[in-house]
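# Structure at a glance
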Amino acid sequence: MLNKEDRLIRLLSFGEIDAPRRDEIIRIAGQGLDWDYIVESASREGVSSFIFDRISSSGLKDIVPVPFFYCLRSVYYTYSAQNLLLFNELSSVLSALNGQRIPTILLKGSVLAERVYGNIALRPLRDMDILVRRHDVTGAVSALEALGYSPIASVKDQLDDPFSYSVTLSKQGIGMNTGASIDLHWHILNASWLMGLCSKKCDIERLWSLAEYGNISGVRSCVLSRAHFLISLAVNAFTHSYHRLILLVDIDKALGFYKGTIAMDSLFLEAGRCGLEDILDITLNDILLSEHSGKTRGHIAGHVFKREYRSFRPCLMYILACRSTVKRFKAVFGIIRVAILIFIFRLKPKKS
């Protein structure tokens, strides 16, 4: 069962604040809450700025003690300043890639912050995620190096590794404490084990052909189609074990943003083309709906794995997500097959 503080955070994070929800929020707020815990937990879960905005815009300011209201407001303006710098940097990055005629598709946070949330202060951004075609990665890295970015690992090794899916580059000295980081992806699956299981089913060129043009950070760029964007968010939340509330708030906001423009049956049909329908189903039905109802999260997030098994957690979750015994057996054998291939690949001597 959720404690009253966590219950309040979720009421402020999901769905519309209609009259019944507003009354429930006010009722819980009058029960003597641990606001130190609420502010700390909201920050850890990545929703501080978002719930501050919801409290302010819904006339609920009086439920928050003044010192804690100012704490939340401070986080809001901090995210606003940091994200403004990051979006200015993203504009330069996209312009550089466009100048080299390298097609791009923006993923995750930047699209969420500007298009879905409609206010870049509401969604904390850690990095910029950009999808390019695999054969464009080397050229994209060169273009970014001209802007001062440096790969944190060998690009050649990443491209040669059959279980790799992205290259990370970083840059210091742009006015942010941690600098800027870019993840250049060539697949929407953001975990190597998942790529090994599903990459053959997921037609990346289909994603490119259905991508939509958008204007992000003042620069024309592509974004994933609505179905593929929702699928990518579900996969991202799943592979991160739903460990931060913001991953689910992202999906909740996206579903609201696309409401009436995408049918659920077509969404699941597209997920099936990628072999990801079980992950989408578990995320939307077992996890996201449980957040709305306030009950304990679904059975997958309920499994607590020891720290030393953390690297295996997505694999175990993937098995649990499969909705039939046959699929679970196939998943087990698929994971074993991928593990063997990884082991063999790691044993291969590197060419000098």
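Below you will find a few notes about this structure.

Analysis parameters
Residues numbered from 1 in each chain as written. Predicted model: local features only at pLDDT ≥ 70, side-chain atom pairs only at ≥ 80, totals over all residues. Heavy atoms only, no water. Buried < 20%, exposed > 50% of the residue type's maximum accessible area, 1.4 Å probe, protein only. Helix = DSSP H or I, 4+ residues; strand = E, 2+ residues; numbered from the N terminus. Pairing = 2+ DSSP bridges. Axes fitted to C-alpha atoms, helices over the stretch in contact; angles between N-to-C directions. Parallel < 35°, antiparallel > 145°, perpendicular 65-115°, else oblique. Left-handed = near helix turned anticlockwise from the far one by under 90°. Contact = heavy atoms within 4.5 Å. Nonpolar A, V, L, I, M, F, W, Y, C, P; charged D, E, K, R; others polar. 1 Å grid on protein atoms, 1.4 Å probe; cavity = no way out; pocket = protein on both sides within 12 Å on 5 of 7 lines; lining within 4 Å. Points joined across faces, edges and corners; volume = space filled by probe spheres on them. Polar contact = N/O pair within 3.5 Å; in protein donor to acceptor, adjacent residues only side chain to side chain. Arc of directions from axis to C-beta.

With six of six residues buried, strand β5 (residues 180-185) is to be regarded as a mostly interior element. Side chains Ala180, Ile182 and Leu184 of β5 all project onto a buried face; the interleaved residues Ser181, Asp183 and His185 project onto the opposite face, where all are buried too. By the bridge criterion, four bridges tie strand β2 (residues 128-131) to β5 in an arrangement that is parallel. Within β5, the residue paired with Met128 across the bridge is Ile182. Pairing of strand β4 (residues 166-171) with β5 involves six bridges; the strand directions are antiparallel. Of the residues in β5, the one forming a bridge with Val167 is Leu184.

Moving on, we get to the packing of helix α11 (residues 226-239) against helix α13 (residues 264-273). Two quantities define a packed helix pair, namely the angle between the helix axes and the distance between the axes. With their axes 9 Å apart at the nearest point, α11 and α13 run at an angle of 65 degrees to one another. By the criterion of interaxial angle, the relationship of α11 to α13 is roughly perpendicular. Between α11 and α13 the crossing geometry is right-handed. Mapping the contact onto sequence places Ala227, His228, Leu230 and Ile231 in α11 and Leu267, Glu270 and Ala271 in α13. Tallied by class, the residues present in the contact of α11 with α13 amount to five nonpolar, one polar and one charged.

Looking now at the sheet that holds β4. Taken together, the seven strands give an open sheet; going across it, the order is β3-β4-β5-β2-β1-β7-β6, and neighbouring strands pair in mixed fashion. In this open sheet, the two strands that pair with only one neighbour each are β3 (150-151) and β6 (212-216). In this fold helix α5 (residues 66-99) packs onto β1 (105-107), β2, β4, β5, β6 and β7 (219-223), with an angle of close to 20 degrees to the strand it touches most, β2.

What follows covers empty space enclosed by the protein. Counted by the stated rule, this structure contains four cavities of 30 Å³ or more. Taken as a whole, the largest cavity encloses approximately 50 Å³ of empty space. Around the largest cavity sit Leu107, Lys108, Ile188, Asn190, Ser232 and Asn236, which together line it. For the lining of the largest cavity, the class distribution of residues is two nonpolar, three polar and one charged.

A word on helix α1 (residues 4-13). Because an α-helix packs 3.6 residues into every turn, residues spaced three or four apart end up facing the same way. Within α1, eight of the 10 residues are buried, which leaves it mostly tucked inside the rest of the structure. All buried positions along α1 are accounted for by Glu5, Asp6, Leu8, Ile9, Arg10, Leu11, Leu12 and Ser13. By the N-cap criterion, in which a side-chain oxygen at the helix start approaches the backbone nitrogen of a residue two or three places on, α1 is capped by Asn3, the distance to Glu5 being 3.2 Å. Taken from the residues just after α1, Gly15 is the one with a positive phi, measuring 70 degrees.

Now for the pairing of β2. Residues Met128 and Ile130 of β2 are buried on one face, and the alternating residues Asp129 and Leu131, pointing to the opposite face, are buried as well. Alignment of β1 against β2, held across three bridges, turns out to be antiparallel. Across the sheet, residue Leu106 finds its bridge partner in β2, namely Ile130.

Quick look at helix α2 (residues 19-29) now. All of the buried residues along α2 are Arg21, Ile25, Ile28 and Ala29. Considered in projection along α2, the buried side chains sweep an arc of 100 degrees and stay on one side of the axis. The exposed set on the far side of α2, more than 90 degrees from its buried face, consists of Ala19, Pro20 and Asp23. With a side-chain oxygen positioned 3.0 Å from the backbone nitrogen of Arg21, the residue opening α2 is Asp18.

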